[in-house]
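Here are the chains, one letter per residue:
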Amino acid sequence: GVQTCALPIWIIYSRRVGHDDSATFRKLSNFVTQKGGLPPMWNDDFIQKLARSNPQETGGCVDRLAVHDGQLSLYGWAYLKPRKEPADAVITLAIPPSGPAKILNVAFPSQARPDVATFIRNPDARDTGWVADIAAPLPEPGTVLRCFAYDADSGNTYPLVGDRTL
């Protein structure tokens with residue numbers, strides 16, 4: 001259906017067209033997440049394995065968490081070392097103190113991060129910045145927010161440094 005096609009379409013859009021209007025692109029990516037437009041391979045089994053994983057290779061960083069007007073926002077950058085380019089998507093999981101993990105948001109790197117390009121020493125790493133806006137209801141206290149860089153070509157995920165506990 002339309003919902004299972006939404007995420008791959010946005011990944012293709014972000015790769016081919018780019019997105020200079022990051023505010024509009026953030027609204028669209030939040031719409032995709034809220035409508036449940038996740039690909040079928042991101043089923044509950046995938047989510048629970050991801051929540052328990054402890055891979056050694058990282059894919060970026062969660063720089064900041066902010067709460068404003070009942071909305072939580074995570075800011076960071078995501079880079080795919082094997083492909084030497086920005087991640088295709090950033091998956092944000094909520095891992096509660098008890099109960100199953102769930103996907104809270106899927107964001108798409110689109111913001112300029114010249115600091116990251118300098119750090120990585122690759123000008124192609126410039127547009128690795130992302131923002132994940134998470135609307136109410138917010139997860140329960142004690143929930144860990146963990147983000148992953150996603151490689152759509154391989155299906156691999158890479159954790160981002162900087163888990164946040166609510």
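Since this is a predicted model, take the numbers as computed values, not measurements. Every residue gets a number counted from 1 within its own chain, in the order that chain's sequence is written. The predicted origin of the model limits local features to residues at a pLDDT of at least 70 and limits the giving and counting of side-chain atom pairs to 80 or more, whereas totals for whole chains, interfaces and linings rest on all residues. Each side-chain value is derived from all of the structure's non-hydrogen atoms; neither hydrogens nor water enter the calculation.

Novice: Describe the environment of histidine 68, with residues and values.
Specialist: Relative to the helices and strands, histidine 68 resides in strand E1 (residues 60–68). Along the sequence, histidine 68 and alanine 135 sit 67 residues apart, while their C-alpha atoms lie 9.9 Å from each other. Within the structure, histidine 68 has its side chain in polar contact with the side chain of aspartate 69 (distance 3.1 Å). Working definition: helices are DSSP H or I runs of at least four residues, strands are E runs of at least two. Numbering for both runs from the N terminus. Contacts described as polar in this section are N or O atom pairs within 3.5 Å, which, within protein, must combine one atom able to donate a hydrogen with one able to accept it, while residues neighboring in sequence count only if both atoms come from side chains.

Novice: Would you mind going over the nonpolar core in detail, with residue names and values included?
Specialist: Counting 18 residues, the largest nonpolar core has Leu74, Ala78, Val90, Trp130, Cys147, Ala149 and Leu160 as its most contacted members. A per-element tally of this core places strand E2 (residues 71–80) first, with 4 residues. Two residues qualify as a contact provided that any one of their heavy atoms is within 4.5 Å of a heavy atom in the partner residue. When neighbours within four sequence positions are excluded, alanine 149 is seen to be in contact with Gly59, Ala78, Leu80, Ala87, Ala89, Asn156, Thr157, Tyr158 and Leu160. Counting 16 residues, the second largest nonpolar core, distinct from the first, contains Trp42, Ile47, Ala101 and Val106. Among buried residues, the Ala, Val, Leu, Ile, Met, Phe, Trp, Tyr and Cys ones that are joined through side-chain atoms within 4.5 Å form a nonpolar core. Partly exposed residues are those whose accessible area sits between 20% and 50% of the maximum for their type, while under 20% is buried and over 50% is exposed, using a 1.4 Å probe and protein chains only.

Novice: Lay out the pairing of strand E4 (residues 89–95) with the relevant residues and their values.
Specialist: Burial analysis of E4 places 7 of its 7 residues in the buried class, the great majority of the element. Burial of the side chains of E4 extends over both faces: Ala89, Ile91, Leu93 and Ile95 are buried on one face and Val90, Thr92 and Ala94 on the other. Pairing between strands is defined by DSSP: at least two bridges between them are needed. Sheet topology places E4 next to strand E7 (residues 144–150); 7 bridges connect them, and they run antiparallel. The residue of E7 that forms the bridge with valine 90 is alanine 149. Where E4 meets strand E5 (residues 102–107), 5 bridges bridge the pair, whose relative direction is antiparallel. Residue pairing across strands places valine 90 opposite alanine 107, the latter belonging to E5. The antiparallel hairpin formed by E4 and E5 contains 6 residues in its connecting segment, where glycine 99 sits at a positive phi of about 100°.

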